[in-house]
Each structure stands twice: as C-alpha cells, then as structure tokens.
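Report on the structure
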Amino acid sequence: MTLIPELEHELEAAIARRIAESRAGSRAAAPPRPRRRRARGRLSRRGALVLVAALLLGAAAALAAGGVIPIGAPARDPGGWPAGPGRGNGTVLPGSLDVLPLRVADPVGGPAWGLRVTSTTRGTGCLQVGRAVGGRLGALGTDLAFGDDGRFHPFSAQYGVSGPCAQLDAAGRLFLTQSRGGIPAAATAQDGACVPPGEIVGDPTVHECAPADLRDLIYGTLGPHARSITYNKPDGTPATVPVARPWGAYLLVLPWSRTLSNGISGSLYGTDPEPLQTPITKVTFDDNSVCAVTPMGWADRRRGCPQVGLKPHPLPPGVTKASVRARVRAHTVPNHRTHRLDVVVSFRAPVALTNADALYEVTRKLRGARGWGSGTVNRDVRRGEVVTVKFRTARRGVYHGVVQYQFLAGTPRDRRVFTVGNYRFRVR
C-alpha cells in the first residue's frame, strides 16, 4: 500500500469535476459553431490527461523525496525459543511497545534506524532494532530480502521476542545491551536476505552480501542514570553521544567491521554491555562517574561496570537451601521413533515459577563419558507440580545428575543457585 493510489483517486475526481464544469459552462454559453465546441472538448480531455500524468509524476517525486516507501507484507519473525504467554520470554503485553525517538542515519542512506522496547507476560523486556518508517520499525526489501521489492516490511508487535531479552528490574526498567555484526542494511537476516561472506558455504540458494551492504549494530538500554556513551568512529576519532531517556538507550549503526560476531550477542544487564570488540570506550552517568572500557574488556575487570540505578528483584519469600529440596526420580522410556531408550527425570517443584526471573535446570552425565547434557524448565510452573525433563537416546551405563533452582534476577552477583536434589541410576 502507498499514498499514490489515494492521491491518484483524488486527482481523477478533481479533474472529472473540472471537465464537468467546463462542459456545463460550454452548454450555458451555447456557442453558434458546434465544430469548435467539439474541438474544445477534445482539447480539454487531452489537457486533463496531461495534467493527470504531470501531477502524478510530481506527487510521486515529492513522496519519494519525502521518504514515503510502499508498505509490504510483515517481516518474518526470526524465531528462537518456544513462545507463549507462560513460556520462555512470554508474549508482548498490549500497549507496552515503545518505539523510542532515537534515530540514527544509515552510513549509505535511506530510512534512519530506530530502536524499540517491549515488555512481556513473563516480566522480561526486549529490544528490537530496525529501519524506521512512519513511526514503525521494520525491514526493507533490499539486499535480496523480500525479492528486492523496494517496500517497507513492518515488524509485528511480537517480532524478536523469542530472542535474547532480559528480566525487567523491580522498578520495571530494562538493563540490556546487544551487538549484531554483519547484518544486511535491509535490517533483516531473514526473508531471503543475503548473508555475510563465508557464513554459509555450499548452498546455491544462498547469496553473499557485498561488504558495503552490511552493518554493525551496537545498542542497548543503560538505565535511568546513564548520560552518554563514548565510542571510536570507523576512522578512529572519538565521539560522545547522549542516550535517550528514560531508558538510557543508545544505538550505533556502523559499516561492517568483521570484528563483531554475526547474530545477536551481549549482556543481560545494560551497564555491563559485553565490551569486547565493540567500539564503546566508556559510559558516563549523571553523577559524572565513568565506566571505562578497553579493547580487552572493562578497565576494572574485578568490578566490571556498575549497574547504576538497577533495583534487583528480591528472592521469593521462604526460599532456603532446605525448602527447595525435593526427591528426584529417573527412569527410562522406549522411544518408538529411534527404537532406543530415553531418560526421563522428574520431581515435584518446590518453588513456583511465575516469570522469567527463575528456572529449573536438570543435568545428565553418563559415567565415563566426557560430555554431559542439560535441560531447562523455563515456563510457568505451579508449586508441587510434577516436572519432567526428557533426555533422548540413552546408552548403557550409569547416569547421574542434579536438579537446581536458579534465581536469575538482578546483577550476575545477585544470582542464587539452590540444589533441589540428585539422582543416579543404571541403564541396562
């Protein structure tokens, strides 16, 4: 959809009115020579067609100059963890989507880049970066995405929520930083977009992007007391930019450097923004305190960077080492698809899970084997509910493992891990 059809309809209606008025005026004047009346009628219609073409071309040029882009189908969600109101990160709460006023120019041109924040049913906050058109974020039909249709493809409200998000703090604020290397300028790695050189080899359906068509995206929310970030531009000169309040949001859109890892990486707590390989050199706060960053990480490696203003969630009442203990059982069940046995570990949940600030983790280890497996229960769970985790394709031998309750809210130093129970059994 574009504004062109609507404008075309308006112009056609206006011109039709003008022709009708002209004909009415001609009939009222009743000229004595019909041949000249017909000539004037033909000239009016020809002039009207020329006027339509000229006005439409002028309008199209004006709309293009003003950044109006045709709207296409919504962009495909990149997917990830299982989605649902009570699973993983949850689903976006109605009315929580906040497209921030932050706008950053693309190194080559086109619509600016923007950032949005969403809150979910499981108490998490998520960030999404994209091209900004008409107050919405989305992807462009370029770089082979969407068949190079040249349209703007908006992100849905749920777009990206299945990816990395972070628990909102006790005051409802989001501390989260991320970086994405080698992202097509279209703002999507889905929908047929090209890929960075060397990322996928041997697939004839995949096409590599030209390096000039790739971007490094570095963005995050540093909290209410962050004031600015300082970073090194591609030419090596430093630059300081203010963050967007009240989230303390920042966004850098830079040419592809080949140093950031492809895909999303980062920290779950914003003023600890995974500094390695990013051009950020420091974060400055309202009290003039500074968090310095070196190419090898935080200048103060012991303390890292303080989460200024973050209010951690308290541990749920009654959670102690003794109160989380529960009996853990393990047994095998036949897998009719593989014709082998699966290991099933079960326990009654001693603590309810009501949002994403806690989870249960179950490990499995075969005696004598080098590796071990783990399964995560990251969904809503009632206290006393029987929880099961299945490990596929068991081999003969002695298995053992542990079930843990992990409370993740707050800074990494605030995390707490409690042992629910251990198990051990033999597969014959």
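Only a predicted model underlies this, so the values are computations on that prediction, with no experimental measurement involved. (Residues numbered from 1 in each chain as written. Predicted model: local features only at pLDDT ≥ 70, side-chain atom pairs only at ≥ 80, totals over all residues. Heavy atoms only, no water.)

1. Notes on the overall build of the chain
Operational definition: Elements are defined by DSSP. Helices are runs of H or I of four residues or more, strands are runs of E of two residues or more, and each kind is numbered from the N terminus. Whether a residue is buried, partly exposed or exposed follows from its accessible area with a 1.4 Å probe, protein chains only, as a fraction of its type maximum: under 20%, in between, or over 50%, in that order. When checking whether two residues touch, look at their non-hydrogen atoms; a contact exists if any pair is within 4.5 Å. The method behind every accessible area is Shrake-Rupley, applied with a 1.4 Å probe, and residues are considered shielded solely by the protein chains displayed.
Helix and strand counts for the chain stand at two helices and 22 strands. With 428 residues in all, the chain has 44% of them scored as buried. When contacts within the chain are restricted to residue pairs at least 6 apart in sequence, those whose partners lie at least 24 apart make up 67%. For the chain, the exposed surface amounts to about 22300 Å²; the carbon and sulfur share of it is 55%.

2. Overview of the sheet that holds strand β18 (residues 358–366)
Counted only if it meets this: Two strands are counted as paired when DSSP detects at least two bridges linking them. Inter-axis angles, ranging from 0 to 180 degrees, are taken between N-to-C directions of lines fitted to C-alpha atoms, where helices are fitted over the stretch in contact.
Reading across from one edge, β19-β18-β21-β22 is the order of the four strands in this open sheet, with antiparallel pairing throughout. Across the chains shown, the open sheet's two edge strands, defined by having one partner strand only, are β19 (372–377) and β22 (416–427). Strand-to-strand, the axes of this sheet are offset by a mean angle of 20°, without reference to chain direction. By the bridge criterion, eleven bridges tie strand β21 (residues 397–407) to β22 in an arrangement that is antiparallel. Paired with Q404 across the strands is T419, a residue of β22.

3. Some details on the state of the cysteines
Here is the rule: In what follows, a disulfide is any cysteine sulfur pair within 2.5 Å.
Summed over the entire model, instances satisfying the criterion amount to two disulfides. Note that C126 is cross-linked by a disulfide to C165, the S-S spacing being 1.9 Å. Residues C126 and C165 are joined by a disulfide whose S-S torsion is about 105°; by sign, that bridge is right-handed. In this pair, C126 sits in strand β3 (residues 124–133) while C165 sits in the loop between β5 (152–154) and β6 (166–167), placing the two residues 39 residues apart along the sequence. An identical accessibility class is assigned to C126 and C165; each is buried. What pairs with C194 in a disulfide is C209, and their sulfur atoms sit 1.9 Å apart. Its S-S torsion of approximately 100° makes the covalent link between C194 and C209 right-handed. A residue pair is termed long-range when its members are at least 10 positions apart, and C194 in the loop between β7 (176–184) and β8 (214–221) and C209 in the loop between β7 and β8 qualify at 15 residues.

4. Section: the environment of R395
If you trace the backbone, R395 turns up in the loop between β20 (386–394) and β21. Other than its neighbours up to four places away in sequence, R395 contacts R340, L366 and V427.

5. Things to note about the side chain of R364
To keep things clear, this is the line we draw: For this count, His and the chain ends are skipped, Lys and Arg are scored as positive, and Asp and Glu as negative. Whenever a carboxyl oxygen of Asp or Glu lies within 4 Å of a side-chain nitrogen of Lys or Arg, that contact is scored as a salt bridge.
Mapping R364 onto the fold places it in strand β18. Among buried charged residues, R364 stands out as having no salt bridge; its nearest opposite-charge side chain is D342, 7.6 Å away. Setting aside chain neighbours within four positions, we find R364 in contact with W372, G373, F391, R392, Y399, H400 and Y423.

6. Comments concerning the side chain of R122
Going by this rule: Polar contact is the term for a pair of N or O atoms within 3.5 Å; when the atoms are in protein, one must be able to donate a hydrogen and the other to accept it, and sequence-neighboring residues count only if both atoms are side-chain atoms.
Inspection of the secondary structure puts R122 in the loop between β2 (113–119) and β3. At 3.4 Å, the side chain of R122 and the backbone oxygen of R379 are in polar contact.

7. Let's talk about the environment of E208
Here E208 shows up in the loop between β7 and β8. Residue class for E208 comes out partly exposed when judged on its relative accessible area of 46%. With 13 residues separating them in the primary sequence, E208 and V195 have C-alpha atoms 4.8 Å apart. Those residues within four positions of E208 in sequence are excluded, and the remaining contacts are C194, V195, P196, P197 and G198. Within the structure, E208 has its side chain in polar contact with the backbone nitrogen of G198 (distance 2.8 Å).

8. Regarding the packing of aromatic side chains
The cut-off we apply is this: The pairing test for Phe, Tyr and Trp rings, Trp by its six-membered ring, is centres within 6.5 Å, and the orientation test on the planes gives stacked under 30 degrees, edge-to-face over 60, and tilted for anything in between.
Tallied over the full model, the rule gives five aromatic pairs. Here the aromatic rings of F347 and Y360 are separated by 5.2 Å at their centres, their planes lie at 65°, and the arrangement is edge-to-face. Of this pair, F347 sits in strand β17 (residues 340–348) while Y360 sits in strand β18, and the two are 13 residues apart along the sequence. For the pair F347 and Y360, a shared accessibility class is recorded, and that class is buried. Consider the rings of Y399 and F425, whose centres lie 6.0 Å apart with planes at 25°: the pair is stacked. Of this pair, Y399 sits in strand β21 while F425 sits in strand β22; the two residues are 26 residues apart in sequence, bridging distant segments of the chain.

9. Overview of the nonpolar core
As a rule of thumb, nonpolar side chains are buried together in soluble globular proteins. The following threshold applies: Take the buried Ala, Val, Leu, Ile, Met, Phe, Trp, Tyr and Cys residues and link them wherever side-chain atoms come within 4.5 Å; each set so joined is a nonpolar core.
Counting 31 residues, the largest nonpolar core has L115, L174 and L251 as its most contacted members. At the level of elements, β1 (98–104), β2, β3, β4 (136–140), β7, β8 and β11 (249–255) are the ones that each hand at least two residues to this core. When near neighbours in sequence (up to four residues on either side) are disregarded, L174 contacts V117, G125, C126, L127, A166, L168, T221, G223 and W247. Of all hydrophobic cores here, the second largest spans 29 residues; its members include V324, L353, F407 and V420.

10. Considerations on the pattern of salt bridges
Under the definition given, this model contains nine salt bridges. Of the charged contacts, one joins R122 and D380 as a salt bridge, the two residues approaching to 3.0 Å between their closest N and O atoms. Of this pair, R122 sits in the loop between β2 and β3 while D380 is found in the loop between β19 and β20, placing the two residues 258 residues apart along the sequence. Overall, R122 belongs to the buried group, its relative accessible area being 0%.

So far we have only geometry, and geometry alone does not tell us how the molecule works.
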